[in-house]
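What follows is the residue order along each chain.
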Amino acid sequence: MYNGGSAGLTYWSPNVNIFRDPRWGRGQETPGEDPVLAGTYAAYYVKGLQGNDGDRLKVAACCKHFTAYDLDNWNGVDRFHFNAQVSKQDIEDTFDVPFKMCVQDGNVASVMCSYNEVNGVPTCADPNLLRNTVRGQWKLDGYIVSDCDSVGVFYNTQHYTTTPEQAAADAIKAGLDLDCGPFLAQHSEDAVKQGLLNEVDINNALVNTLRVQMRLGMFDGEPSVQPFGKLGPKDVCTPSNQELALEAARQGIVLLKNSGVSLPLSHRRHRTVAVIGPNSDATVSMIGNYAGVACGYTSPLQGIGSYVKTIHQLGCANVACRDDKLFSAAIDAARQADATVLVMGLDQSIEAEFRDRTGLLLPGRQQELVSKVAKASKGPTVLVLMSGGPIDVSFAKNDPRIGAILWAGYPGQAGGAAIADVLYGTTNPGGKLPMTWYPQDYVSNLAMTDMAMRSSQHRNYPGRTYRFYKGPVVYPFGHGLSYTNFVHTIVNAPHVVTVPLDGHRRSGNATVLGKAIKVNHARCNKLSVGLQVNVKNTGSKDGTHTMLVFSTPPAGHWAPSKQLVAFAKVYVPARSEQQVGISIHVCKFLSVVDRSGVRRIPIGLHRIHIGDVKHSVSLEAATLGVIKS
């Protein structure tokens, strides 16, 4: 298809960096704060793009930005100058997990190295990261590309080398195959002439890039006779594609609060709805960043207007909401209507690439507008939030006049229709938060530049993400309500699982050091914990339930307090039940990482949590004897 002749078949997507700090401007592009979630998303996203025709690629995907890249421009530190100081433990345990799953489970065609340095070395010049890890250990079948101009950045901005030729040589020898930008084109030939680079290094990089072009069919002759050669503009805005955009938006909406069953709204009781807020008639801002051209937009105002009569007032001229000039008209609208929907939040002027947030509260005077409108509203008041990152809406959570809160993210072209479908109960919400929503206090003394994941009492450091932070939250990771109730019952699960060791390892050596087996000393192949779980819908509405399975490892200094080990989505009609099978790979998901960055399986009691249900599995080591022929 080549985008009508104006683009290639390589897409530098998805962004699978961990949403480590809630202020990160690009957190909106990522799957959230959990490494297993991000890695699972990466693998499926890549498979969806690349197709399933063996070695042949539909398009080439790219997992980016490798690694520990999650700061854009905060407090005078930008991504071009940032040296991320990261422990081996956090690299292995958190930052690299999605990339490893992307390469090994998704078989991605490329990986992009990032702008930042990690422990003093630019990622695009680090052979340990590129050649040894991505290509060596993980066996990348594809090419490694720089983020745009990052070779130029590490020469011109980070001053990592004294000459441009040395920079080109360092990048290529580290394992970089392709430069997004002109730097390698300008300086690689001179690097060879100066003896800094061999022609064989250039050839290796060319092999990796040309092979992906071959897998894309670029050397197979006339494109129109190839498997996807008949695709064109007619295939873009098809009814099925537009329905998919709507369904994705519906599934992505999270119901955060619903007191006294404020939602769903009723056609009979709520005949006129006041639709208020700077995002109430949003269109382009609904698609966030890195988006194509939408087929058409349905704003929240249009979506709600397809159900009932609306009274529309912006309340704030834009999301910055710097004054109260439009407040009184919005308050009057709320007094007249049977229900009020406030569509508030953020957009790319607040959080974006190269723009990290300064805090977690609603911008400007948005909070004041919400509280005044809720006070005046004669019917139920619903707060709808658009944002990529979390917002401290404690005031609304605790305000009895605000009956319900929805988070829509940046819901895409059909976002307004999806919001209206949830407000009126046509869709029963089933979304869960992919990141912790922290109070503003959390970030008040927390430097974005501090990369440590684990909390530290002596440093007065709170830790990051639900895995390591134990303080107060506005809404926890995985939170999300429904218009019905789901109850879990574990039908079948083992109590003891034996971990077989390689026969050449005796349990007396460091293998079972501190009662934790090195993963590479265990026979991991098909070692998994299988659970059968009944999910019962005890309410009166059909619904889709997202079942999250967490594990708490045996107590230890290395382990997270809990970690996501599996998740499944299941549709359950009202007053019926469905059985769900879950398989937890022991080496991948029940392991923890020690301070040296070594992944180990803790021996002892692992507690599995699914909602309110808990189940304990004891992992035991078993040394296999050496078989002599």
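Remember, it's a predicted structure, so these values are computed and weren't measured experimentally.

A. Looking closely at the nonpolar core. Within the largest apolar cluster, 54 residues are counted, with the highest numbers of intra-cluster contacts made by Ile-276, Leu-383, Leu-385, Val-393 and Trp-437. Residue-level mapping places this core at the junction of two domains, with at least three residues from each of domain 1 (27-225) and domain 2 (237-459). When residues no more than four places from it in sequence are discounted, the contact partners of Leu-385 are Met-344, Leu-362, Ile-391, Val-393, Ile-405, Leu-406, Trp-407, Ala-408, Gly-409 and Trp-437.

B. The arrangement of the environment of Thr-133 in detail. By the element assignment, Thr-133 lies in helix α5 (residues 128-137). When its relative accessible area of 9% is taken as the criterion, Thr-133 is described as buried. Each C-alpha atom, one on Thr-133 and one on Ala-337, is 60 Å from the other, the two residues being 204 residues apart in sequence. Ignoring any residue separated from it by four or fewer positions in sequence, one finds Thr-133 in contact with Asn-128 and Trp-138. Of note is the side chain of Thr-133, whose polar atom sits 2.7 Å from the backbone oxygen of Asn-128.

C. The arrangement of a nonpolar patch on the surface in detail. A cluster of nonpolar side chains, Leu-206, Leu-210, Met-214, Met-218 and Phe-219, forms an exposed patch at the surface whose accessible area comes to about 460 Å². Locating Phe-219 in the fold gives a position in the loop between α9 (199-215) and α10 (239-252). Note on Phe-219: relative accessible area 48%, which makes it partly exposed.

D. Focus on the packing of helix α2 (residues 35-50) against helix α4 (residues 97-104). Two elements in contact, α2 and α4, have axes separated by 8 Å at closest approach and are oriented at 30 degrees. As judged from the angle between their axes, α2 and α4 are roughly parallel. Between α2 and α4 the crossing geometry is right-handed. Here Pro-35, Val-36, Ala-38, Gly-39, Thr-40, Ala-42, Ala-43 and Val-46 of α2 come into contact with α4, specifically with Val-97, Pro-98, Met-101 and Cys-102.

E. Broad picture of the environment of Ser-259. Looking at where Ser-259 falls in the secondary structure, it is placed in the loop between β9 (254-258) and β10 (272-276). Residue Ser-259 is classed as partly exposed on the basis of its relative accessible area of 32%. For Ser-259 and Lys-397, which are 138 residues apart along the polypeptide, the C-alpha to C-alpha distance reads 9.6 Å. Once residues within four sequence positions are removed from consideration, Ser-259 is found in contact with Ile-402 and Gly-403.

F. Local environment of α9. With 17 residues, α9 should cover 24 Å at 1.5 Å per step; its first-to-last C-alpha distance of 24 Å lies within 8% of that length. Buried within α9 we find Asp-201, Ala-205, Asn-208, Thr-209, Val-212 and Arg-215. Relative to the axis of α9, the buried residues are bounded by an arc of 130 degrees and lie together on one face. For α9, the exposed residues lying more than 90 degrees away from the buried face are Glu-199, Val-207 and Met-214. If you follow the buried residues of α9, they end up packed against α5, β8 (143-146) and α7 (164-174). One or two residues past the end of α9 sits Gly-217, with phi positive at roughly 85 degrees.

G. Quick look at the packing of aromatic side chains. Throughout the structure, instances matching the rule amount to 18 aromatic pairs. Here the aromatic residues Phe-19, Trp-24 and Tyr-69 are joined through ring pairs into a cluster of three or more.

H. Quick look at the domain arrangement of the protein chain. The domains assigned to the protein chain are domain 1 (27-225), domain 2 (237-459) and domain 3 (486-623). On a C-alpha basis, the centres of domain 1 and domain 2 stand 36 Å from each other. Facing the 26 residues of domain 1 at the interface are 25 residues of domain 2. Interface of domain 1 and domain 2: buried area, both sides summed, is about 2,000 Å²; carbon and sulfur atoms make up 53% of it. Ranking the residues of domain 1 by area buried against domain 2 places Gln-28, Glu-33 and Trp-74 at the top, with a combined share of 33%. Put simply, domain 1 and domain 2 have 3 salt bridges between them.

I. The state of the cysteines, seen in detail. Applying the stated criterion across every chain, the model contains 6 disulfides. For Cys-148, the disulfide goes to Cys-180, at an S-S distance of 2.0 Å. Its S-S torsion of about 80 degrees marks the bond between Cys-148 and Cys-180 as right-handed, since a negative value means left-handed. Separated by 32 residues along the polypeptide, Cys-148 in the loop between β8 and α6 (150-156) and Cys-180 in the loop between α7 and α8 (183-193) bring together distant segments of the chain. The exposure class of Cys-180 is buried, given its relative accessible area of 14%. The disulfide that involves Cys-237 links it to Cys-295, with 2.0 Å between the sulfurs.

J. Spotlight on the layout of surface pockets. A volume near 1,000 Å³ is recorded for the second largest pocket. Along its surface, the second largest pocket is lined by 38 residues, and Glu-92, Lys-100, Gln-137, Gly-597 and Arg-599 are the ones closest to its centre. Elements represented by at least two residues in the lining of the second largest pocket include exactly α2, α3 (88-95), α4, α5, β20 (563-572) and α18 (586-589). Across the lining of the second largest pocket, the residue classes tally to 15 nonpolar, 11 polar and 12 charged. When residues of the lining of the second largest pocket are assigned to domains, at least three map to each of domain 1 (27-225) and domain 3 (486-623).

K. Region of the structure containing the pattern of salt bridges. In this structure the tally under the stated criterion is 31 salt bridges. Across the pair Asp-93 and Arg-454 runs a salt bridge, and its minimum N-O distance is 3.1 Å. Here the residue Asp-93 occupies a position in helix α3, and Arg-454 occupies one in the loop between α16 (441-444) and α17 (465-468), the gap between them amounting to 361 residues. You'll find Asp-93 and Arg-454 in the same group, each marked buried. Here Glu-243 ties to Arg-250 by a salt bridge, and the two come within 3.4 Å at their closest N and O atoms. Exposure remark for Glu-243: the relative accessible area of 42% places this residue in the partly exposed category. Overlapping salt bridges, with partners in common, bring together Arg-26, Glu-29, Asp-72, Arg-79 and Glu-353 in one network.

L. Quick peek at α10. The end-to-end C-alpha distance of α10, which contains 14 residues, comes to 20 Å, matching closely the 20 Å that a straight helix rising 1.5 Å per residue would cover. Tucked inside the fold, the buried residues of α10 contact α15 (415-423).

M. Structural context of the sheet that holds strand β22 (residues 592-593). Read from one edge of the open sheet, 3 strands run β17-β23-β22, paired in antiparallel fashion. What marks the edges here is a single partner per strand, and that holds for β17 (516-518) and β22.

N. View of the packing of α10 against α15. Here α10 crosses α15 at 50 degrees, and the two axes come no closer than 8 Å. The angle between the axes of α10 and α15 places the two elements in the oblique class. α10 and α15 meet at a crossing whose hand is right-handed. Taken together, the residues of α15 that come into contact with α10 (itself represented by Leu-246, Ala-249 and Arg-250) are Gly-415, Ala-417, Ala-418 and Asp-421. Along the lines of polarity and charge, the residues of the contact of α10 with α15 split into 4 nonpolar, 1 polar and 2 charged.

Each value, and the rule that gives it
- Residues numbered from 1 in each chain as written.
- Predicted model: local features only at pLDDT ≥ 70, side-chain atom pairs only at ≥ 80, totals over all residues.
- Heavy atoms only, no water.
- Core = buried A, V, L, I, M, F, W, Y, C linked by side-chain atoms within 4.5 Å.
- Buried < 20%, exposed > 50% of the residue type's maximum accessible area, 1.4 Å probe, protein only.
- Domains from an automatic or database assignment.
- Contact = heavy atoms within 4.5 Å.
- Helix = DSSP H or I, 4+ residues; strand = E, 2+ residues; numbered from the N terminus.
- Polar contact = N/O pair within 3.5 Å; in protein donor to acceptor, adjacent residues only side chain to side chain.
- Patch = residues over 30% accessible without salt bridge, like charges linked within 9 Å, V, L, I, M, F, W, Y side chains within 5 Å.
- Areas by Shrake-Rupley, 256 points an atom, 1.4 Å probe, with all protein chains shown as cover.
- Salt bridge = Lys/Arg side-chain N within 4 Å of Asp/Glu carboxyl O.
- Axes fitted to C-alpha atoms, helices over the stretch in contact; angles between N-to-C directions.
- Parallel < 35°, antiparallel > 145°, perpendicular 65-115°, else oblique.
- Left-handed = near helix turned anticlockwise from the far one by under 90°.
- Expected span 1.5 Å × (residues − 1).
- Arc of directions from axis to C-beta.
- Phe/Tyr/Trp six-rings, centres within 6.5 Å; stacked < 30°, edge-to-face > 60°.
- Buried area = accessible area lost by both parts, 1.4 Å probe.
- Disulfide = S-S within 2.5 Å.
- 1 Å grid on protein atoms, 1.4 Å probe; cavity = no way out; pocket = protein on both sides within 12 Å on 5 of 7 lines; lining within 4 Å.
- Points joined across faces, edges and corners; volume = space filled by probe spheres on them.
- Nonpolar A, V, L, I, M, F, W, Y, C, P; charged D, E, K, R; others polar.
- Pairing = 2+ DSSP bridges.

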